[in-house]
Amino acid sequence: MSAFANRRKLWVYRMEKLSGVAPLDFKMARYIEKLNIRSPEQLRYALEHNQEVIWVGFKAMNKLRVLAGIPEVQKEYSWKDEAQRLYKLLDKAGIEYIKHK
């Protein structure tokens, strides 16, 4: 393990101790640091009022919601996801089509 990985683990551990919320990964710890969260109640408030931090994605936010006791948010499908689903159905049915990229 590199020195950088050790520093990152120590930083995440420090964020767990400061916030009182564990276990965390790097992006979850970044969210907690950027919003200066120091208790599970502050975390719950931040999540309930949709406070966002850049580079903290959907999965990390859902993990934080679980830690705070808030139900997970289901991911909405994009038009690309829907197109891929329809292409699979067409392939399964054996219907020929022109696939646009």
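Details of the structure are given in the entry above.
If you're wondering where the values come from, they're calculated on a predicted model, not measured in any experiment.

Asker: Explain the environment of Lys59 to me, using residue names and the numbers behind them.
Answerer: Here Lys59 shows up in helix 4 (residues 58–68). Counting along the chain gives 13 residues from Lys59 to Glu72, while the straight-line C-alpha distance between them is 9.6 Å.

Asker: Talk me through the packing of helix 1 (residues 3–19) against helix 2 (residues 26–34); I want residue IDs and the actual numbers.
Answerer: Their axes nearest at 10 Å, the elements helix 1 and helix 2 cross at an angle of 50 degrees. Between helix 1 and helix 2, the interaxial angle falls into the category oblique. In this structure, helix 1 meets helix 2 at a crossing whose hand is left-handed. Contacts between helix 1 and helix 2 pair Arg8, Trp11, Val12, Met15 and Ser19 from the former with Phe26, Ala29, Arg30, Ile32 and Glu33 from the latter. Across the contact of helix 1 with helix 2, the residue classes tally to six nonpolar, one polar and three charged.

Asker: Tell me about helix 4, residues and numbers included.
Answerer: Within helix 4, burial applies to Ala60, Met61, Asn62, Leu64, Arg65 and Ala68. Buried residues belonging to helix 4 abut helix 2 and helix 3 (40–48). Trailing helix 4 by a residue or two, Gly69 shows a phi angle of about 85 degrees, which is positive.

Asker: Please set out the pattern of salt bridges residue by residue, giving values where relevant.
Answerer: Per the counting criterion, the structure on display carries three salt bridges. Between Glu48 and Arg44 there is a salt bridge whose closest N-O contact spans 3.2 Å. Note that Glu48 and Arg44 are positioned in helix 3 at a spacing of four residues, about one turn of the helix. For Glu48, a relative accessible area of 44% puts it in the partly exposed group. For Glu82, the salt bridge identified is with Arg85, shortest N-O distance 2.6 Å. Taken together, the residues span about one helical turn, with Glu82 and Arg85 both in helix 5 (residues 79–93) at a distance of three residues.

Asker: How would you explain the packing of helix 3 against helix 4 if you had to name every residue and give the values?
Answerer: Interaxial distance between helix 3 and helix 4 falls to 10 Å at its minimum, and their mutual angle equals 130 degrees. Comparing their axes, helix 4 and helix 3 come out oblique. Handedness of the crossing formed by helix 3 with helix 4: left-handed. Two secondary-structure elements touch here, helix 3 through Leu43, Arg44 and Leu47 and helix 4 through Met61, Leu64, Arg65 and Ala68. Among the residues making up the contact of helix 3 with helix 4, the classes are represented as five nonpolar, no polar and two charged.

Procedures and definitions
Residues numbered from 1 in each chain as written. Predicted model: local features only at pLDDT ≥ 70, side-chain atom pairs only at ≥ 80, totals over all residues. Heavy atoms only, no water. Helix = DSSP H or I, 4+ residues; strand = E, 2+ residues; numbered from the N terminus. Axes fitted to C-alpha atoms, helices over the stretch in contact; angles between N-to-C directions. Parallel < 35°, antiparallel > 145°, perpendicular 65-115°, else oblique. Left-handed = near helix turned anticlockwise from the far one by under 90°. Contact = heavy atoms within 4.5 Å. Nonpolar A, V, L, I, M, F, W, Y, C, P; charged D, E, K, R; others polar. Buried < 20%, exposed > 50% of the residue type's maximum accessible area, 1.4 Å probe, protein only. Salt bridge = Lys/Arg side-chain N within 4 Å of Asp/Glu carboxyl O.

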